[in-house]
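Coordinate analysis (summary)
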Amino acid sequence: MEPTIEEEYDMSAEYEPRIIAFCCNWCAYAGADLAGVSRIQYPPNIRVIRVMCSGRVSPDFILKAFQLGADGILVSG
């Protein structure tokens with residue numbers, strides 16, 4: 001007997017999106033760094049990448065992140 005769709009793709013499993021955060025060195029990254037120093041945890045499915053300025057994030061960086069499997073992008077300054 002063939003498995004049903006629900007059995008094949010476990011619909012009850014919680015979805016964890018992979019998010020890439022490009023953070024400005026002078027603004028947003030300082031907040032992420034402070035969270036780390038204060039031992040405040042954020043989800044492990046978020047990856048923070050420090051950039052010198054959020055205005056310098058190339059669209060190529062964003063497209064490459066999506067090509068490599070990112071589900072969402074955050075550009076924060």
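The protein chain appears in an unreviewed UniProt entry as Methyl-viologen-reducing hydrogenase, delta subunit from Syntrophobacter fumaroxidans.

The next thing to look at is the overall build of the protein chain. Each helix and strand counted, the protein chain has three helices and three strands in total. The secondary structure elements of the protein chain, listed N-terminal to C-terminal, are α-β-α-β-α-β. Counting only residues that meet the buried cut, the protein chain has 18% of its 77 residues in that class. Within the protein chain, contacts between residues at least 6 apart in sequence are counted, and of these 78% link residues at least 24 apart. Split by element, the accessible area of the protein chain, about 6,300 Å² in all, is 57% carbon and sulfur.

Analysis parameters
Residues numbered from 1 in each chain as written. Predicted model: local features only at pLDDT ≥ 70, side-chain atom pairs only at ≥ 80, totals over all residues. Heavy atoms only, no water. Helix = DSSP H or I, 4+ residues; strand = E, 2+ residues; numbered from the N terminus. Buried < 20%, exposed > 50% of the residue type's maximum accessible area, 1.4 Å probe, protein only. Contact = heavy atoms within 4.5 Å. Areas by Shrake-Rupley, 256 points an atom, 1.4 Å probe, with all protein chains shown as cover.

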